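As a plain string of letters, each chain reads:
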Amino acid sequence: MTTRASGRTVGGLRSLSLQAPAVTLLLIWMLIPLGMTLWFSFQRYNLLMPGMEQFAGLENYRYLLTDPALWSAMGTTLVLVGSVLAISVIGGTLLAVLYQQEFFGRGIARVLAISPFFIMPTVSALVWKNMMMHPVNGVLAWFTGLFGLPAIDWFSSYPLLSIIIIVSWQWLPFALLILLTAMQSLDDDQVEAARMDGAGPIAVFFFITLPHLKRAISVVIMIQMIFLLTIFAEIFVTTSGGPGLATTNLAYLIYIRALLEFDVGGASAGGVIAIILANIVAIFLIRMVARNLED
């Protein structure tokens, strides 16, 4: 008994010694930026006023929480994240069911459908801005001209909708990839048995396919929401947060405070608020995924 306990102890210490460097590096990587962000969030620190730094207490947080721009940015963030999630999850589910069927050229079609996810956000935004949504030379302007309709200046008339379309086009393939992979494990015998019992395509989808994809959909929502909370490149390249604050999300508002207004203290306070919001969302999503895995 003593030898076994001693062996377990030695093995545990050896395992901890092997894990310690990676864990230490990870903690340093996380804690130092977080600590500096917290420190600057309590300082009155503007790069345009060197030598005037002083402790501000909760002043930066008080200013942000009473600033209408913050609540506008949070509302824009929620609309943007919710819209992209709805489009990608619903569209990804329908496309996964479609691409699961046998048809000529299915392999090439799958590759083409997934490929937009591997395009960098900046390149994707430039393509949509200059080639698709341009009011003069864009593909959409040419298409509307075929029907005698006037061209639409998307980024002026529908700025937030334009960002939603661009981001959805980029993240829909990710949802398709995960859900299509989950479709591979669907038991064909179960589907055939349901069809022999008289179930139509709609009934098979809602009572067999959709419950089977429940866990995969939860994973898609969790991963996408974490990344969608920090959308920046698409907004920076296309609308620069405008017109006004129409497309300014929380990440872009922090950028404005830090790199356009040089307000390091205010930007750090915004970063802390963003961290709190992201953690609240993460806790909710982790519980949702854990509940689905238990079911």
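All chains use their own residue numbering, which begins from 1 and follows the written sequence. In view of the model being predicted, local features appear only for residues whose pLDDT reaches at least 70, and side-chain atom pairs are presented and counted only at 80 or more, with totals across whole chains, interfaces and linings using the full set of residues. Side-chain figures throughout are based on the complete set of non-hydrogen atoms in the structure, without hydrogens or water.

As annotated in an unreviewed UniProt entry, the protein chain carries the name Sorbitol/mannitol transport system permease protein and is attributed to Halomonas campaniensis. UniProt positions are given in the numbering used here, feature names are shortened, and annotations may be inferred rather than shown by experiment. The annotation that UniProt attaches to the protein chain under Subcellular location (unreviewed entry) is "Cell membrane". Listed in UniProt under the heading Sequence similarities (unreviewed entry), the comment for the protein chain reads: "Belongs to the binding-protein-dependent transport system permease family."

Peer 1: Summarise the packing of aromatic side chains; cite the residues concerned and give the values.
Peer 2: Here is the rule: rings of Phe, Tyr and Trp (six-membered ring for Trp) pair when centre to centre is within 6.5 Å. Planes less than 30 degrees apart are stacked, more than 60 are edge-to-face, and the remainder are tilted. Tallying each qualifying case throughout the model produces 17 aromatic pairs. Seen in terms of ring centroids, Trp-128 and Trp-169 are 5.9 Å apart; in terms of plane orientation they differ by 70°. Their pairing is edge-to-face. With a gap of 41 residues between them, Trp-128 in helix 5 (residues 121–132) and Trp-169 in helix 8 (residues 159–183) connect regions that are remote in the sequence. Aromatic ring contacts, followed pair by pair, group Phe-117, Phe-118, Trp-171, Phe-174 and Phe-227 into a single cluster. Strands are runs of DSSP state E lasting at least two residues, helices are runs of H or I lasting at least four, and both sets are numbered from the N terminus onward.

Peer 1: Give a description of the UniProt feature "domain: ABC transmembrane type-1" (unreviewed entry) in the protein chain that names residues and reports values.
Peer 2: Cross-referencing UniProt, the feature "domain: ABC transmembrane type-1" (unreviewed entry) maps to residues 74–285 in the present numbering. Secondary structure across residues 74–285 divides into 75% helix and 0% strand, with the first and last C-alpha atoms of the span separated by 19 Å.

Peer 1: Describe the packing of helix 3 (residues 68–100) against helix 8, listing the residues and the values that go with them.
Peer 2: One can describe the packing of helix 3 onto helix 8 by two numbers: an axis separation of 6 Å at closest approach and a directional angle of 40°. Considering the angle they form, helix 3 stands oblique to helix 8. The handedness of the crossing between helix 3 and helix 8 comes out as right-handed. Each residue is assigned to one of three groups, with Ala, Val, Leu, Ile, Met, Phe, Trp, Tyr, Cys and Pro labelled nonpolar, Asp, Glu, Lys and Arg labelled charged, and all others, Gly among them, labelled polar. Among the residues forming the contact of helix 3 with helix 8, the class breakdown is 20 nonpolar, 8 polar and no charged. For helices, the axis comes from a line fit to the C-alpha atoms of the stretch in contact; other axes are also lines fit to C-alpha atoms, and the angle between any two N-to-C directions lies between 0 and 180 degrees. Working rule for angles: under 35 degrees goes down as roughly parallel, over 145 as roughly antiparallel, 65 to 115 as roughly perpendicular, anything else as oblique. With the far helix as reference, a near helix turned anticlockwise by less than a right angle produces a left-handed crossing, and one turned clockwise produces a right-handed crossing.

Peer 1: Describe the pattern of salt bridges, listing the residues and the values that go with them.
Peer 2: When a carboxyl oxygen of Asp or Glu lies within 4 Å of a side-chain nitrogen of Lys or Arg, that pair is called a salt bridge. Enumeration according to the criterion identifies 5 salt bridges in this entry. Between Glu-59 and Arg-44 there is a salt bridge, with its nearest N and O atoms 2.2 Å apart. Of this pair, Glu-59 sits in helix 2 (residues 59–65) while Arg-44 sits in strand 1 (residues 43–44), placing them 15 residues apart in sequence. A salt bridge links Arg-257 to Glu-261, with the shortest nitrogen-to-oxygen separation between them at 3.4 Å. Exposure is judged per residue with a 1.4 Å probe applied to protein chains only, and the accessible area is read against the type maximum: over 50% gives exposed, under 20% gives buried, and values in between give partly exposed. Assessed through its relative accessible area of 37%, Glu-261 is described here as partly exposed. Look at the salt bridges and you will find they share partners, linking Asp-67, Arg-257 and Glu-261 into a network.

Peer 1: Mind laying out a nonpolar patch on the surface, listing which residues take part and the relevant values?
Peer 2: A cluster of nonpolar side chains, Val-23, Leu-26, Leu-27, Trp-29, Met-30, Leu-31, Leu-34, Leu-38 and Ile-275, forms an exposed patch at the surface whose accessible area comes to about 880 Å². Judged by its relative accessible area of 36%, Ile-275 falls in the partly exposed class. Two joining distances apply to patches: 9 Å for like charges and 5 Å for nonpolar side chains (Val, Leu, Ile, Met, Phe, Trp, Tyr), and every residue must have over 30% relative accessible area and no salt bridge. Using a 1.4 Å probe, the Shrake-Rupley method yields the accessible areas, and only the shown protein chains count as cover for residues.

Peer 1: Requested: an account of helix 10 (residues 201–212), with residues and values cited.
Peer 2: Along helix 10, the residues classified as buried are Val-204, Phe-205, Ile-208 and Thr-209. For helix 10, the buried positions fall inside an angular range of 130° around the axis, keeping them on one side. Away from the buried face of helix 10 by more than 90 degrees, exposed residues Ile-202 and Phe-207 are located. Residues of helix 10 that are buried in the fold lie against helix 3, helix 8 and helix 9 (188–196). By definition, the arc is the one covered by directions from the helix axis to the C-beta atoms. We call two residues contacting when some pair of their heavy atoms lies within 4.5 Å.

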